[in-house]
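# Fold and geometry: a report
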Amino acid sequence: MKYFLQRLAFYLFTAWAAITLNFFIPRMIPGDPVQALITKYQGQLSSQAIDSLYVLFGLDKDAGLWSEYVSYWKQLFSGDLGLSFTFFPTPVSEIISNSLPWTLLLVGITTIISFFLGTGLGILAGWRRGSWTDGLLPVTTFLSSVPYFWLGIIAIYLLTGPDSFFPSSGGFDNGLVPAFDQYFIPSAIQHSLLPALTILISSVSGWILSMRNMMVTVSSEDYITVAHAKGLTDRRVAMSYAARNALLPNVSGFALSLGFIVGGTLLVEIVFSYPGVGFQLFQALGASDYPLMQGIFLIITISVLVANLLADIAYLLLDPRTRKEG
Amino acid sequence: MSQPVIEIRNLNVGYGLGDQGVRAVRDVNLTLHRGEVLGLAGESGSGKSTLAYGMTRLLAPPGVITGGEVIYHPEQGDPYDVLSLSDSQLRKFRWNETAIVFQGAMNSLNPVHKIATQLTDVLKAHEPKMSETQRNARAREMLKLVGIAPDRMDAYPHQLSGGMRQRVMIGMALILQPQVVIMDEPTTALDVVMQRQILGQLIELRERLGFSVIFITHDLSLLVEFSNRIAIMYGGRIVEEAPASAIYRDALHPYSKGLLGSFPALKGPRRELTGIPGSPPDLKGMPSGCSFHPRCPKAFDPCGSEIPMLENRPDNRSVACWLVNS
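Residues numbered from 1 in each chain as written. Chains lettered and ligands numbered in written order. Predicted model: local features only at pLDDT ≥ 70, side-chain atom pairs only at ≥ 80, totals over all residues.

- UniProt, in its Sequence similarities (unreviewed entry) section for chain B, records the words "Belongs to the ABC transporter superfamily." (UniProt positions renumbered as here; feature names shortened; annotations may be inferred.)

- Looking at an unreviewed UniProt entry, one finds chain A named Peptide/nickel transport system permease protein, with Actinoplanes philippinensis as its source organism.
- Its UniProt record gives chain A the following Sequence similarities (unreviewed entry) comment, quoted word for word: "Belongs to the binding-protein-dependent transport system permease family."

### Focus: the overall build of chain A
- For chain A, the helix and strand inventory stands at 13 helices and zero strands.
- The helix and strand sequence of chain A, counted from the amino end, reads α-α-α-α-α-α-α-α-α-α-α-α-α.
- The principal-axis extents of the C-alpha atoms in chain A amount to approximately 85 × 60 × 35 Å.
- Counting all 326 residues of chain A, 35% fall into the buried class.
- Counting contacts in chain A only where the partners sit at least 6 residues apart, residues at least 24 apart contribute 73% of the total. (Helix = DSSP H or I, 4+ residues; strand = E, 2+ residues; numbered from the N terminus. Buried ≥ 20, exposed ≤ 12 C-beta atoms within 10 Å, placed from the backbone. Contact = placed C-beta atoms within 7 Å.)

### Things to note about the overall build of chain B
- A tally of helices and strands in chain B yields nine helices and 12 strands.
- For chain B, whose C-alpha radius of gyration is 20 Å, the value lies close to the compact-globule estimate of 20 Å for 326 residues.
- In terms of overall dimensions, chain B has C-alpha extents of about 65 × 50 × 40 Å along its principal axes.
- Burial statistics for chain B: of 326 residues in total, 43% are counted as buried.
- Pairs at least 24 apart in sequence give 63% of the contacts found in chain B among residues at least 6 apart. (Rg over C-alpha atoms; globule rule 2.2 N^0.38 Å.)

### Considerations on the confidence of the model for chain A
- Taken as a whole, chain A shows an average pLDDT of 82; of its residues, 94% reach a score of 70 or greater.
- Within chain A, helix α9 (residues 222-229) of chain A carries the highest mean pLDDT (90), whereas helix α2 (residues 33-40) of chain A carries the lowest (71). (pLDDT = per-residue confidence, 0-100.)

### Regarding the interface of chain B and chain A
- Counting residues at the interface gives 22 residues for chain B, matched by 18 residues for chain A.
- Of all elements in the fold, only α2 (87-93) and α3 (115-126) of chain B reach the threshold of two or more residues within the side of chain B that touches chain A.
- Ranked by residues supplied to the side of chain B that touches chain A, first place goes to α3(B) with four residues.
- Grouping the constituent residues of the side of chain B that touches chain A by class yields 10 nonpolar, eight polar and four charged. (Nonpolar A, V, L, I, M, F, W, Y, C, P; charged D, E, K, R; others polar.)

### Points about the sheet that holds strand β5 (residues 80-81) of chain B
All names here are of chain B.
- Across the sheet, which stays open at both edges, the four strands sit in the order β2-β1-β4-β5 with antiparallel pairing between neighbours. Both outer strands of the open sheet, β2 (22-33) and β5, are each paired with one neighbouring strand and no more.
- Where helix α1 (residues 48-55) meets the sheet, its contacts fall on β1 (4-15), β2 and β4 (63-72), and the angle it forms with β1 comes to roughly 110 degrees. (Pairing = 2+ DSSP bridges. Axes fitted to C-alpha atoms, helices over the stretch in contact; angles between N-to-C directions.)

### Digging into the nonpolar core
- Residues A:Ile296, B:Ile214, B:Ile232 and B:Val239 are the most contacted members of the largest nonpolar core, which totals 144 residues.
- A domain-level breakdown of this core finds at least three residues from each of domain 1 (4-97 + 178-319) and domain 2 (107-177) of chain B.
- Once residues lying within four places of it in the same chain are set aside, the contact partners of A:Ile296 are A:Ile96, A:Val277, A:Gln280, A:Leu281 and A:Ala284. (Core = buried A, V, L, I, M, F, W, Y, C linked by C-beta atoms within 7 Å. Domains from an automatic or database assignment.)

### Details of the domain arrangement of chain B
Residues and elements named next belong to chain B.
- Domain boundaries in chain B define domain 1 (4-97 + 178-319) and domain 2 (107-177).
- If you look at the interface, domain 1 gives 13 residues, while domain 2 gives 14 residues.
- At six residues, helix α6 (residues 192-209) tops the list of elements feeding residues into the side of domain 1 that touches domain 2.

### Observations concerning the packing of helix α5 (residues 92-127) of chain A against helix α13 (residues 290-318) of chain A
Residue and element names in this part refer to chain A.
- At a closest axis distance of 9 Å, the pairing of α5 and α13 adopts a crossing angle of 50 degrees. Relative to α13, α5 is oriented oblique. Seen from above, α5 lies across α13 with right-handed handedness. Counted together, Val-92, Ser-93, Ile-95 and Ile-96 of α5 and Pro-291, Leu-292, Gly-295, Ile-296 and Ile-299 of α13 form the full contact between these two elements.
- Its residues assigned to classes, the contact of α5 with α13 shows seven nonpolar, two polar and no charged. (Parallel < 35°, antiparallel > 145°, perpendicular 65-115°, else oblique. Left-handed = near helix turned anticlockwise from the far one by under 90°.)

### Thoughts on helix α5 (residues 162-174) of chain B
All names here are of chain B.
- With 13 residues, α5 should reach 18 Å at 1.5 Å per residue; the first-to-last C-alpha distance of 19 Å fits that figure.
- For α5, the tally of buried residues reaches 12 of 13 residues, placing the bulk of the element in the interior.
- Among the residues making up α5, those that are buried are Gly-163, Met-164, Arg-165, Gln-166, Arg-167, Val-168, Met-169, Ile-170, Gly-171, Met-172, Ala-173 and Leu-174.
- Each element contacted by the buried residues of α5 is listed here: β6 (98-101), α3, α4 (132-145), β7 (180-184) and α6. (Expected span 1.5 Å × (residues − 1).)

### Details of the sheet that holds strand β9 (residues 229-234) of chain B
Residues and elements named next belong to chain B.
- Spatial ordering of the open sheet is given by β6-β7-β8-β3-β9-β10-β12-β11, a layout of eight strands whose pairing is mixed. Of all the strands in the sheet, just β6 and β11 (311-313) have a single pairing partner and so form its edges. Taken pair by pair, the neighbouring strands of this sheet meet at an average axis angle of 20 degrees, ignoring direction.
- Of the strand pairs in this sheet, strand β3 (residues 37-41) and strand β8 (residues 212-217) are connected by five bridges, and their pairing is parallel. Of the residues in β8, the one forming a bridge with Leu-38 is Ile-214.
- The strands that α1 touches are β3, β7, β8 and β9; relative to β8, the one it contacts most, it runs at about 145 degrees.

### Side note on the UniProt feature "transmembrane region" (unreviewed entry) in chain A
- Summarizing the sequence annotation, UniProt attributes the feature "transmembrane region" (unreviewed entry) to residues 7-25, 102-124, 136-159, 188-209, 254-275 and 295-318 of chain A in the numbering used throughout.
- Regarding residues 102-124 of chain A, the helix share stands at 100% and the strand share at 0%, and the terminal C-alpha atoms are separated by 33 Å.

Shown next, in the form of structure tokens:
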């Protein structure tokens, strides 16, 4: 328990550091939203209009970094992430809460499927090495080195088109209103298939490879020979002795990848114009939209930290050697 | 002479097949009698462990048994060949009839399971009718037998010392009351004091429970003290087999003499330790004739060209050497 509290304190400190960085970094990026708008309208804005834009975005006050920092924290605690510049005057929290479910469902489900599928296949390939499963390896090595977005572009190029079943962009058909009804849900699923497959294909091979390699390593441990000598069934030796030990590094990898669900597939969302967090972040970057960027970074940071904490807890549960007495 | 328990006949074990393969165990004939401690000694690479793994069919690939028979005589019923058992028969045979204590005391236990789980899963596999309370009681009893407090049942392997772990392994080996216990350098990883303690305990247990032991070690001095008969291996063959006292007093094979000359006697006059010059043969390029002849101080005419066979002598010992054989 003491260990757990220590970890928790560590994560709180990390969260503070990350949020502080999160505050400063966008302010160090050259350019501001008004400049971005001016470029967008190619100098067709009058100086009056520019001044009123500065007032509108609250950039006229020149309050100094420290007081901005303090008010940033105050706002954070009241759940206020500010107003987005690009979608003015929509609150950032609203934009995020609109795009978060898309990302969570698409990437979350594919990450979980990918982990279980990959680990399962990895166990099989590691345990039955020398059989046909070895044929999987070159394919997985190849696929694991292919970047998501490239696979996505190829998929769009090959599989989408006017007559294709797969839509090339968006999260649902134009003209539908997001709702849990029989029109929207099939459309959303249809739109998510291609990005989901892209992520699945390129991420599952990583799990297969690491699990297989761990299985091979663990298989040569003495306790595996002992387990065979004890006359246990092959299945029990494979699962309870080999896979149970080989799983440990993969589980922490899995917990970490849960943390990257929110921000990790930015490029896939961009390629498929999928209305998730990554796509919003991309738009925010283009428009120097600090509040939105900060809001999204904050969500990503928190989810990575929570995932790390989960990884710690998972490890404590799975590996008795990490538990400290007292 | 009492009844045989295991008869090894012309056993050949190799690693790899074809031209790339090496023969690690060559035409070994060895008989273990009921209630006897048979010592198996030799340098590293002489094939003693391969023999043990081969006769229990625990060899991991690329190890292969290329010929021979291992006849097991059960307490009741007809003798059978272990090498021709089916997978499920082999599972039943393992641990029930022949248990093994391995070299690596530190790695023989699965790090993620409690001692209790590892003791009882043997019972679960072999005695499915036992209830959980019976299984736990039996595991407790075994721990007590090897001198470990039964409350360590819930400990994980990393919480035990090396000596305790090896005692747990010995307890585990005896849990089904096997006829034969094979010990593959069980005390090599332990300090000398712990070696004594564990071996003393083992001998006591053997007298109480009456199992037979094949004791593999490179430490001939241990064998002289603890075993009834000793077989000396060199280059994959047994070169001498005799009662322990006979080997100690009057070894016939020059290699046995060399081994005996490599450690100090506890009593008696001081003498120079001689050792054996040269190094063990390369299994890929075995010398012609007697594989020991390049290192043998007494090598003469036939040694380089003809392989001496293990010949039985009237005084219940056998040796493979041209000096002794006719």
